[in-house]
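Architecture and fold: a report
Residue-level listing of the chains:
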Amino acid sequence: MHEMSLVQSILRILEEQATEQDFTEVRTVWLRVGALSHVDPEALRFCFEAAGQGTLAEGARLEIIAAPGEGWCIDCASRVTIPTHGAPCPACGGTRVRPTGGDDLAIAELEVA
Ligand SMILES: [Zn+2]
């Protein structure tokens, strides 16, 4: 599952930060998830709970911040926001929108103890 490998890399980052910043427990993770990232928030939540068992993130809350998809419309040469891959340009209706951002996922904030 795609989400499980994402969660495992998140947990690795959390452990690195715990060592650097000297905390032992993560209470809340705010995760920015791009609209074009193909991530299913429910699956992500499920994996986070399952993979978090026995780690510093056990029992932590996962808050998902939805980030918009960004693209460049070739037809009207403008920067646009798109909800999904392949969505038409909201400005001109053109279908030649190149995704430029919002296709990733990143830790936005942590509440730690
Ligand atoms: Zn356009």
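In this text the structure is predicted, and so the values were computed from the model without any measurement.

Procedures and definitions
- Residues numbered from 1 in each chain as written.
- Predicted model: local features only at pLDDT ≥ 70, side-chain atom pairs only at ≥ 80, totals over all residues.
- Heavy atoms only, no water.
- Pairing = 2+ DSSP bridges.
- Helix = DSSP H or I, 4+ residues; strand = E, 2+ residues; numbered from the N terminus.
- Right-handed = clockwise from strand over helix to strand, strands pointing away.
- Polar contact = N/O pair within 3.5 Å; in protein donor to acceptor, adjacent residues only side chain to side chain.
- Contact = heavy atoms within 4.5 Å.
- Axes fitted to C-alpha atoms, helices over the stretch in contact; angles between N-to-C directions.
- Parallel < 35°, antiparallel > 145°, perpendicular 65-115°, else oblique.
- Left-handed = near helix turned anticlockwise from the far one by under 90°.
- Nonpolar A, V, L, I, M, F, W, Y, C, P; charged D, E, K, R; others polar.
- Donors = N, O, S within 2.8 Å, 3.2 Å for Na, K, Ca; no water.
- Tetrahedral: all angles 85-135°; square planar, octahedral: opposite > 155°, others 65-115°.

With that settled, consider the pairing of strand β2 (residues 61-67). Two strands pair when backbone bridges link them, and strand β1 (residues 26-34) and β2 are joined in this way by 7 bridges, in the parallel orientation. Paired with V29 across the bridge in β2 is L62. Regarding topology, helix α2 (residues 41-52) serves as the crossover connection from β1 to the parallel β2, and that connection is right-handed.

Okay, the side chain of S37 next. Here S37 lies in the loop between β1 and α2. Only 2.7 Å separates the side chain of S37 from the backbone oxygen of G34, close enough to count as a polar contact. Setting aside its immediate chain neighbours within four residues, S37 contacts H2, G102, D103 and D104.

This brings us to the packing of helix α1 (residues 2-21) against α2. When two helices pack together, you describe them by how their axes are tilted relative to each other and by the distance separating the axes. At a closest axis distance of 9 Å, the pairing of α1 and α2 adopts a crossing angle of 50°. As summarised for this structure, α1 and α2 are arranged oblique, according to the angle between their axes. The handedness of the crossing between α1 and α2 comes out as right-handed. Of the residues in α2, those touching α1 at E3, M4, L6, V7 and L11 are A43, L44, C47, F48, A51 and G52. For the contact of α1 with α2, a count of residues per class yields 9 nonpolar, 1 polar and 1 charged.

Reference values for coordination geometry: four tetrahedral donors around a metal ideally subtend 109.5 degrees, six octahedral donors ideally subtend 90 or 180 degrees. For the zinc ion, the full set of protein donor atoms is C73 (SG), C76 (SG), C89 (SG) and C92 (SG), and the range of their distances to it is 2.3 Å. Coordination geometry of the zinc ion: the 4 donor atoms subtend angles of 105 to 114° at the metal centre, consistent with an arrangement described as tetrahedral. On the primary sequence, the residues serving as donors to the zinc ion are separated as C-x2-C-x12-C-x2-C. Placement of the pair is C73 in strand β3 (residues 69-73) and C89 in the loop between β4 (78-82) and β5 (97-101), with a sequence separation of 16 residues.

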